[in-house]
Amino acid sequence: MQRLQRGLVLLLWAGLGILAITALASFYVDLAWFAELNALPVLWTRVLARWGLGLGAFAFALAVVGSNIRACWRGASTAGAWAIALGLSGGLAWSLSQHWFALLLWLHQVPVGESDPIFGRDLGFFLFGLPFWETLQQWCFNLVLLTLITVALIYLVELGLSEQRLTLALSLFAQRHLLILGGALFLLRAWGHWLERYELLYSTRGVVFGAGFADVHATLPATTLMSGVAFLTAVGFWALARQGIRFNLPLFKSWCPAWASSLLAPALLWGAYLGFGLLTTRLYPQLLQTLLVTPNELELERPYIEHNIRFTRAGFGLAEVEVKPFPEEGSLTWEILQQNQSTLRNVRLWDTEPLLATYRQLQEIRPYYQFPYVDVDRYRIGGELRQVMHAARELDFAQVPPAAQTWVNRRFFYTHGYGLTLSPVNVVTAEGLPDFFLSDIPPRVSPRYPEVAQVLRVEQPALYYSELTTTDVFVGALDYPAADRYVYSSYRGTGGVPIPHLWQRLLYAWHFRDLRILLSRELSPNTRFLYRRQIRERVRQVMPFLLYDQDPYLVIQGGKLYWFFDAYTISRYYPYSEYLPDFPFNYIRNSVKAVLDAYNGSIDWYIADPRDPLIQAYARIYPTLFKPLEAMPEPLRQHIRYPQDLFRVQVQQFATYHMTDPRVFYNREDQWQIPNQFRKRRRLPMQPQYLILTLPEDPQKGSPNQPEFVLLSPFTPLNKQNMVAWMAARCDGENYGKLLVYEFSKQRLIYGPEQVEARVNQDPAISEQIALWNEHGSRVNLGTLLVIPIETSLLYIQPLYLEAEQGRLPQLTRVIAAYEDRVVMEPTLSQALEALFSPTGSRRSNR
């Protein structure tokens, strides 16, 4: 028996030792990684806040649970009591420690400067205070509830289950103990009801999101009253505990056991509380809604509709949208086109999917290199803004031949991608393929475009950090394959962590479950270990509280490559702000721009919206992490763009919330929608598109607008196809972030994208040519229909790609152009425009 006990003790100590080493290794790996990024204060803030909150919660829970268990424990040994108390307290402490960031936000909150319309509280209370207080209230309730259940079970188990012993168990002392805990539960419910009052600002009961007439005039006073009722119920429980009241009336003795009669008084209190709550918070508001509000809905709900409109527009950054009428003077002519060559030279003829397929066929070079995505950006080349598309040539170790997927190759040789391929959006070769500005390995600038050499030079093309880099590597390995040999080089960057000592290799081997890290002879004192190289994981590891845009993009600057991330602060606690389906927030700001060095892995964080109260609180929590946007080098700042994910959300909300008149909003008289386009054999909403264009001139401005990079999306009326407006997000310079909406006159028909697409499909010459191509072993792919505003007119452009059924090399074969009721299809954009507008051009060649 003693041997068994010793064995169990040794096994316990061994388990504790393994846990300790695992925790130490994990912490050291994090410590070294954050030190590499110069972000140790971020890690220490996280550790201290989590452990501080957890230990405080543990001590408090242990005091509550332990004292209550000891009060009812009648066992000879206290070991069992403390084991139960420690287990419960540890679980509760762990659950609360997960909310450490809510605590930090509450401690570092800032006032918003605007109050909610119902309670008159600063919105900072809802963004920072309410989430924390709700979490704390729920945790305290769970603590008391678990304590009550545990104490009740101990009474039952300790004294047995017979009626005689139960009567003993529920003696005056036990009865008082349970009643005191029950009173504490109702006190916490009173607190919960008080907080529920504020939750009414997120009500979905009324005609709009947020507190409506019935919520304010029925549910709010009822919930306030329920807070008082719960408090009185708690007082009633404590009065019973003090007086030891029992129902010993003969009526009850005749059919109710003695131990059950002891529970009757608190049961009646609990039942009265539940019944009163059902009557006041459920039935009364519903009756008021049905009998009073519904017959007079617009009149009674009007102020609450106004609140919903104002706060939704504010929550989604739409309060400052500038709405203008679209000028309607004159028509688009050949002369006007000649004056807008900056726009026409940047018409995007390449869609991302066919261009990505072409890049993969022509420029991946080796099977283990992959182009995962195509991105859009702009560069100033030769004094002119040029829109380009590019893709990073990333290393995908999964594509390495299986026989070569050895540990040494994974860790030492296949370590990084190499460079990128970049082409202008509007240039096509005679074969219908993209004409490259930048291509091949190592990256070289096309001799046909010498003017781009200075702007697009890449001196350090190695991509050690990218979207596909999921392997952890030791650097100093294969650099890139040349025509007849492999070129090797040593890593000279600052990324990764050095591992010169045996104890460090031991900790890394333990953490990564890889003994070969400890035993490998390939490692030297100068070796650097690069881990967490996948760029999305990398930024999220530092700042997991931000929501990141789905499309990081690569930028060339000063011969180096950088990844740009758009990051959002979000909240679901903005009063009266309407949620969108599938989006778990009702407040969003693009408050952070993160720049990640693709060679060194360093990350710089810039505040893009200093007015955002959430990022102000974040900056107070992490004062050394965030920099003002002005600190970003100017050449990099020229590549900031308005993020597509945010713009999609704003466009969806603005389709409804451009209506600011409560009556119009209530009747949905002017509801808009995002038009559809036929893509992938089904109707899909049109995606916002980046364009370089000159916005219509403002008569009050004086100087003409210059070509600029914008993100554009059109609107059509709900269930209609004509265009009513388009929204543009400006991306350049001091105009960055400004949203413009140009509305068309309701007295004039403007063809929408679906109508233009239908005209293209119905054109006899175009449909005949497409059918002919499809019959001869080719597959026609119609690209994105582009809506291009030019001065006071709209021009539609749609590329047409042709690819063999057995191949995957799309060729840009034709360009379709449409203006008003005219549609043409020509081999090039210039020919299509000439056919549409030139006095000497053919009107309808449709070749």
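Up top is the structure.
Residues numbered from 1 in each chain as written. Predicted model: local features only at pLDDT ≥ 70, side-chain atom pairs only at ≥ 80, totals over all residues. Heavy atoms only, no water.

Regarding the overall build of the protein chain
For the protein chain, the count of helices and strands is 25 helices and 33 strands. When the 847 residues of the protein chain are sorted by exposure, 55% land in the buried category. Pairs at least 24 residues apart make up 66% of the contacts formed inside the protein chain by residues separated by at least 6 positions. Summed over all atoms, the accessible surface of the protein chain reaches about 38300 Å², with 58% contributed by carbon and sulfur. (Helix = DSSP H or I, 4+ residues; strand = E, 2+ residues; numbered from the N terminus. Buried < 20%, exposed > 50% of the residue type's maximum accessible area, 1.4 Å probe, protein only. Contact = heavy atoms within 4.5 Å. Areas by Shrake-Rupley, 256 points an atom, 1.4 Å probe, with all protein chains shown as cover.)

Overview of helix H25 (residues 829-837)
Looking only at H25, the buried set comprises Leu829, Ala832, Leu833, Ala835, Leu836 and Phe837. Packed against the buried residues of H25 are helix H12 (334-338), helix H13 (341-344), strand E31 (793-804), strand E32 (811-819) and strand E33 (822-826).

Details of the packing of aromatic side chains
Two aromatic rings are characterised by how far apart their centres lie and by the angle between their planes. This structure, assessed with the given rule, holds 59 aromatic pairs. On the basis of an interplanar angle of 55° and a centroid distance of 6.1 Å, the ring pair of Phe311 and Tyr574 is categorised as tilted. Highlighted residues: Phe311 in helix H11 (residues 297-315) and Tyr574 in the loop between strand E18 (560-571) and strand E19 (587-597), separated in sequence by 263 residues. Overall, Phe311 belongs to the buried group, its relative accessible area being 1%. Assessed through its relative accessible area of 5%, Tyr574 is described here as buried. Connected via pairs of aromatic rings, a cluster forms that spans Tyr28, Trp407, Phe412, Phe474, Trp503, Tyr508, Phe512, Phe529 and Tyr531. The residue whose ring lies beneath Arg197 is Tyr198, and the NZ or CZ to ring-centre distance is 5.3 Å. If you follow Arg759 out to its NZ or CZ, it ends over the ring of Tyr751, 5.6 Å from the centre. (Phe/Tyr/Trp six-rings, centres within 6.5 Å; stacked < 30°, edge-to-face > 60°. Lys NZ or Arg CZ within 6 Å of the ring centre and 35° of its normal.)

Side note on the sheet that holds strand E14 (residues 497-498)
If you walk across this open sheet you meet the 3 strands as E11-E15-E14, and the pairing is antiparallel. Looking at the sheet topology across the chains shown, the edges are occupied by strand E11 (473-474) and E14. The pairing of E14 with strand E15 (residues 528-530) spans 2 bridges and is antiparallel. The partner of Pro498 across the bridge, within E15, is Arg528. (Pairing = 2+ DSSP bridges.)

Observations regarding the pattern of salt bridges
Taken as a whole and assessed by the stated rule, the structure comprises 28 salt bridges. Here Arg536 makes a salt bridge to Glu467, at a shortest N to O gap of 2.8 Å. With Arg536 in helix H18 (residues 535-542) and Glu467 in the loop between strand E10 (462-463) and E11, this pair connects stretches of sequence that are 69 residues apart. Each member of the pair, Arg536 as well as Glu467, carries the same accessibility label: buried. Shared partners join several salt bridges into a network, and the residues in it are Glu320, Asp609 and Arg611. (Salt bridge = Lys/Arg side-chain N within 4 Å of Asp/Glu carboxyl O.)

A few points about the packing of helix H7 (residues 172-199) against helix H8 (residues 213-243)
The contact between H7 and H8 brings their axes to 8 Å, and the two run at 170°. It follows from the interaxial angle that H7 and H8 lie roughly antiparallel. (Axes fitted to C-alpha atoms, helices over the stretch in contact; angles between N-to-C directions. Parallel < 35°, antiparallel > 145°, perpendicular 65-115°, else oblique.)

Focus: the side chain of Glu36
Looking at where Glu36 falls in the secondary structure, it is placed in helix H1 (residues 2-36). With relative accessibility at 16%, the residue Glu36 sits in the buried group. Contacts of Glu36, omitting those with residues within four sequence positions, involve Tyr465, Thr494, Gly495, Gly496, Val497, Arg538 and Asn600.

Brief notes about a nonpolar patch on the surface
Together, Leu145, Leu146, Ile149, Leu153, Leu156 and Val157 make up a nonpolar patch on the protein surface, roughly 500 Å² of accessible area in all. Among the structural elements, Leu145 can be located in helix H5 (residues 123-159). Accessibility expressed as a relative area gives 31% for Leu145, which makes it partly exposed. (Patch = residues over 30% accessible without salt bridge, like charges linked within 9 Å, V, L, I, M, F, W, Y side chains within 5 Å.)

As for the packing of H8 against H11
Packing of H8 against H11 brings their axes to within 8 Å, and their N-to-C directions diverge by 95°. In terms of orientation, H8 lies roughly perpendicular with respect to H11. Residue-level contacts link Phe213, Val216 and His217 of H8 to Leu300, Glu301 and Tyr304 of H11. Partitioning the contact of H8 with H11 into residue classes produces 4 nonpolar, 1 polar and 1 charged. (Nonpolar A, V, L, I, M, F, W, Y, C, P; charged D, E, K, R; others polar.)

So, the environment of Ala211
Tracing the backbone shows Ala211 in the loop between H7 and H8. On a C-alpha basis, the gap between Ala211 and Ile305 in space is 9.5 Å, while along the polypeptide they are 94 residues apart. The contact partners of Ala211, leaving out residues within four places of it in the chain, are Leu200, Leu201, Ser203, Val216, Tyr304 and Tyr576.

Digging into the environment of Val555
Mapped onto the secondary structure, Val555 falls in strand E17 (residues 553-557). Given the relative accessible area of 0%, Val555 is considered buried. In the structure, Val555 is positioned 99 residues away from Leu456 in sequence and 9.5 Å away in space, judged by C-alpha atoms. Leave out the neighbours within four places in its chain, and Val555 touches Asp377, Tyr379, Lys560, Leu561, Tyr562, Phe564, Leu636 and His639.

A short note on unusual backbone geometry
Omega for the bond connecting Ile441 with Pro442 falls within 30 degrees of zero, at -10°, which places this linkage in the cis form. Along the chain, the position of Pro442 falls in the loop between strand E8 (438-439) and strand E9 (444-445). The backbone of Tyr576 sits at a positive phi, close to 65°, despite the residue not being glycine. Mapping Tyr576 onto the fold places it in the loop between E18 and E19. Residues other than glycine seldom take positive phi values, yet Arg668 does so here, at roughly 50°. Within the secondary structure layout, Arg668 lies in the loop between helix H22 (662-667) and strand E22 (672-673).

Thoughts on helix H14 (residues 352-363)
End to end, H14 covers 15 Å across 12 residues, agreeing with the expected 16 Å (1.5 Å per residue, within 8%). Every buried residue belonging to H14 is among Pro354, Leu355, Leu356, Ala357, Thr358, Tyr359 and Gln363, and all of these are buried. Packing partners of the buried residues in H14 comprise strand E4 (384-392), strand E7 (420-424), E8 and E31. Downstream of H14 by a residue or two, Ile365 has a phi angle that is positive, lying close to 70°. (Expected span 1.5 Å × (residues − 1).)

Some words on the environment of Trp194
Here Trp194 is to be found in helix H7. As for Trp194 and Thr224, which are separated by 30 residues in sequence, their C-alpha atoms are 6.2 Å apart. Not counting the four nearest positions on each side in its chain, Trp194 is found in contact with Thr224 and Ser227.

A short note on the nonpolar core
Formed by 210 residues in total, the largest nonpolar core has its most connected members in Tyr508, Met543, Trp605, Tyr622, Phe626, Leu795 and Ile797. In terms of residues, this core owes the most to one element, H5, which gives 16 residues. In terms of nonpolar packing, the next biggest core, distinct from the first, is built from 29 residues, Val710, Trp726, Phe744 and Val760 among them. (Core = buried A, V, L, I, M, F, W, Y, C linked by side-chain atoms within 4.5 Å.)

Focus: the pairing of E31
A large share of E31 lies buried, amounting to 11 of its 12 residues. With 5 bridges joining them, strand E29 (residues 778-782) and E31 adopt antiparallel strand pairing. Bridge assignment links Val780 to a residue of E31, and that residue is Leu802. Where strand E30 (residues 786-790) lies against E31, 5 bridges are found, and the strand directions are antiparallel. What sits directly across from Val787, in E31, is Tyr796. Where E30 hands over to E31, the hairpin turn is made up of 2 residues, of which Glu791 adopts a positive phi near 55°. Pairing analysis gives 7 bridges linking E31 to E32, with the strands arranged antiparallel. Across the sheet, the residue bridging to Gln798 is Ile816, located in E32. Connecting E31 to the antiparallel partner E32 that follows it, the hairpin turn spans 6 residues.

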